[in-house]
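Examining the three-dimensional arrangement
Take a look at the letters that make up each chain.
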Amino acid sequence: MSDNKDLYAAILGVRAPWQVMEVDVDVKQELVTVTIASRASTQHACPTCGQPCPGYDVRRRSWRHLDTCQFKTVLIADVPRVQCGEHGVLQILTPWAEPGSGFTSLMECLVIDWLGEANISAVARRMRLTWDEIDGVMQRAVRRGLDRRKLEAIARLGVDETSFQKRHEYVTVVSDLERNRVLYVADERTHESLDGFWALLTPEQLRKIEAVAMDMCAAYVRSTREHLPEADKKICFDRFHVAKLLNDAVNAVRKQENRERAAAGEYVPKHTKYVWAQNPENMPRERRVSFELLRDCALKVGRAWAIKDAARWLWTYSMRGWAERAWKRWIGWALRSRLEPMKKAARTIRAQLWGIVNAIVLHVTNAGAESLNAKIQWIKSQACGFRNRERFKNAIYFHCGGLDLYPAHGSTTHTTS
Ligand SMILES: [Zn+2]
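A few points on the structure. (Residues numbered from 1 in each chain as written. Predicted model: local features only at pLDDT ≥ 70, side-chain atom pairs only at ≥ 80, totals over all residues. Heavy atoms only, no water.)

1. Some words on the overall build of the protein
A tally of helices and strands in the protein yields 17 helices and 12 strands. Here the C-alpha atoms of the protein give a radius of gyration of 29 Å, more than 25% beyond the 22 Å that 2.2 N^0.38 yields for 417 residues. Along the three orthogonal principal directions, the C-alpha set of the protein runs to about 90 × 50 × 35 Å. By residue count, 47% of the 417 residues in the protein fall in the buried class. Restricting to contacts in the protein with at least 6 residues of sequence separation, those with at least 24 account for 59%. One way to put it: in the protein the 63 positive side-chain charges average out to a point 7 Å from where the 49 negative ones average out. (Helix = DSSP H or I, 4+ residues; strand = E, 2+ residues; numbered from the N terminus. Rg over C-alpha atoms; globule rule 2.2 N^0.38 Å. Buried < 20%, exposed > 50% of the residue type's maximum accessible area, 1.4 Å probe, protein only. Contact = heavy atoms within 4.5 Å. Lys, Arg positive; Asp, Glu negative; His and termini not counted. Charge placed at Lys NZ, Arg CZ, Asp CG, Glu CD.)

2. Re the pairing of strand β9 (residues 169–176)
Extensive coverage of β9 is indicated by the burial of 8 of its 8 residues. Here β9 shows a buried face lined by Glu169, Val171, Val173 and Ser175 and a second buried face lined by Tyr170, Thr172, Val174 and Asp176. In the sheet, strand β8 (residues 156–164) pairs with β9 via 8 bridges, with the strands oriented antiparallel. Residue pairing in the sheet places Leu157 in a bridge with Asp176 of β9. Summarising the sheet, β9 and strand β10 (residues 181–187) pair through 6 bridges and their orientation is antiparallel. Looking at the pairing, Val174 lines up with Tyr184 of β10. The turn linking β9 back onto β10 is made up of 4 residues, and Asn180 within it adopts a positive phi angle of 55 degrees. (Pairing = 2+ DSSP bridges.)

3. Quick notes on the layout of surface pockets
Space inside the largest pocket adds up to approximately 780 Å³. Those elements that provide at least two residues to the lining of the largest pocket are β8, α9 (239–263) and α15 (367–382). A per-element tally of the lining of the largest pocket places α9 first, with 8 residues. Here the second largest pocket defines a volume of roughly 290 Å³. In terms of lining residues, the second largest pocket is bounded by 14 residues, among which Arg239, Ala243, Asn247, Asn279 and Arg312 are the most central. Ranked by residues supplied to the lining of the second largest pocket, first place goes to α9 with 6 residues. Here the residues of the lining of the second largest pocket sort into 7 nonpolar, 3 polar and 4 charged. (1 Å grid on protein atoms, 1.4 Å probe; cavity = no way out; pocket = protein on both sides within 12 Å on 5 of 7 lines; lining within 4 Å. Points joined across faces, edges and corners; volume = space filled by probe spheres on them. Nonpolar A, V, L, I, M, F, W, Y, C, P; charged D, E, K, R; others polar.)

4. Section: the side chain of His44
In this fold, His44 is placed in strand β3 (residues 44–45). Those residues in contact with His44 that lie beyond four places of it in its chain are Ser38, Gln51, Pro52, Cys53, Pro80, Val82 and Ile92.

5. Quick look at the sheet that holds strand β11 (residues 211–214)
The strand order across the open sheet built from 5 strands is β10-β9-β8-β11-β12, with neighbouring strands paired in mixed fashion. In this open sheet, the two strands that pair with only one neighbour each are β10 and β12 (235–237). Taken over all neighbouring pairs, the strand axes of this sheet differ in orientation by 25 degrees on average, direction set aside. Sheet strands touched by helix α5 (residues 191–198): β8, β9, β10 and β11. Its angle to β10, the strand with the most contacts, is close to 135 degrees. Most of the contacts of α9 go to β8, to which it runs at about 40 degrees, and overall it touches β8, β11 and β12. (Axes fitted to C-alpha atoms, helices over the stretch in contact; angles between N-to-C directions.)

6. Brief notes about the packing of helix α12 (residues 320–335) against helix α13 (residues 340–351)
Geometry of a packed helix pair, given as the angle between the helix axes and the separation of the axes. For the pair α12 and α13, the least separation of the axes is 8 Å and the interaxial angle reads 155 degrees. With respect to each other, α12 and α13 are oriented roughly antiparallel. The handedness of the crossing between α12 and α13 is left-handed. Across the interface between the two elements, Trp327, Trp330, Ile331, Ala334 and Leu335 from α12 touch Met342, Lys343, Ala346, Arg347, Ile349 and Arg350 from α13. Residue composition of the contact of α12 with α13, by class: 8 nonpolar, no polar and 3 charged. (Parallel < 35°, antiparallel > 145°, perpendicular 65-115°, else oblique. Left-handed = near helix turned anticlockwise from the far one by under 90°.)

7. Let's talk about the packing of helix α2 (residues 105–115) against helix α4 (residues 131–148)
At their nearest, the axes of α2 and α4 sit 10 Å apart, and the two run at 95 degrees to each other. If you check the angle between α2 and α4, you find them roughly perpendicular. Touching Glu108, Val111, Ile112 and Leu115 of α2 are Ile134, Val137, Met138, Arg140, Ala141 and Arg144, all from α4. Class assignment for the residues of the contact of α2 with α4 results in 7 nonpolar, no polar and 3 charged.

8. Re the coordination of the zinc ion
At the metal site, the zinc ion is ligated by Cys46 (SG), Cys49 (SG), Cys84 (SG) and His87 (ND1), and these contacts range over 2.1 to 2.3 Å. The coordination sphere of the zinc ion comprises 4 donor atoms, whose angles at the metal cover 103 to 112 degrees; the geometry is tetrahedral. For Cys49, a relative accessible area of 31% gives the class partly exposed. (Donors = N, O, S within 2.8 Å, 3.2 Å for Na, K, Ca; no water. Tetrahedral: all angles 85-135°; square planar, octahedral: opposite > 155°, others 65-115°.)

9. Side note on empty space enclosed by the protein
Counting across every chain of the model gives 3 cavities of 30 Å³ or more. Around the largest cavity, the lining comprises 17 residues; the ones closest to its centre are Gly158, Val159, Asp160, Ser175 and Ala369. Contributions of two or more residues to the lining of the largest cavity are made by β8, β9 and α15. Of the residues contributing to the lining of the largest cavity, the split by class is 8 nonpolar, 7 polar and 2 charged.

10. Quick notes on α4
In an α-helix, one turn spans 3.6 residues, which is why side chains three or four residues apart end up on the same side. For α4, built from 18 residues, the straight-helix expectation of 26 Å at 1.5 Å per residue is met to within 8% by its first-to-last C-alpha distance of 26 Å. The set of residues buried in α4 consists of Ile134, Asp135, Gly136, Val137, Met138, Arg140, Ala141, Val142, Arg144 and Gly145. Buried residues along α4 sit against α2, α3 (120–127) and α16 (389–400). (Expected span 1.5 Å × (residues − 1).)

Here is the structure:
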């Protein structure tokens, strides 16, 4: 059996003062139990201050490790507790696991890697762990990552809301548009949701922020104005959010018109909602021809679409004065359209034009925010129901936070390919 012990000492990376005492292989249960102990003469240190301390007692602990030859593998050790004059009775640090975890660091690394490829249920099944155990690994990983994270100068921010589970529940997501990472996730989509983020930043960091892209949402604007110096020059209503407003307005025109046509017993075009949300340049040739026919049927929605489409070209300006004049002309056109939803959208844009022009002159693009948003949609689709908001928030940090998630011990022996 001594060969076995040496083998396991090598596999587990067990070093002095720790040694493998016993390896028990239970073929029936497909279970390997490795017992580890530290040499009795060892002087241990306080985990908080690192000072050598007298021993207090030992506690038996166990950790799930990577399977060996498809056998479940468990480490068992009597872990000493020390009595530090300053910090009290504490369990010493072990080289193979982080405090409070029932898994070795290598096992946590493997779970973290797998979670990048598959959803929680699949990883749980494959690694013979429970959903809650995987969730625990994720929570510890995020906590570690957030503790290690440095929020250096952040020049461009994006603020967005995203719904989850039941469609009327929301979280607010703040992202770093330059590094493509989520910085902060808060409950709801209120003024207070965003206040919590500003509170994390130093006055120096606040001063270095150049642009904050957001939806034309009064709560976010108010919070930003309260916390960010010269906010009115930095708040940007970006292209993505303006396009969403206009697409919604076109869709409202379509629905209203369809109702009118149905009431009059006329032909009602079916399944065209997404047709009106596309750009003709992106359509395949055949679809483009039928789109042009549809548009030219002098439907009201065709006119609404033309107004929306014209707004796309207003983002090409770089001078504030020119951009303002062009948008004002467009607003005048939309207001004269006799299409109530388009008029309403135009009035919103007129009131918020300052922020739209900020986005144009500061060249705020939302490409990064869109790719993060796509990732968040993926998280939603992967989680067959986040049982609560905290888990959803945690998953966003885990997958989109750009965090260093690996346990300290594990990462030294852990290689990523
Ligand atoms: Zn201490």
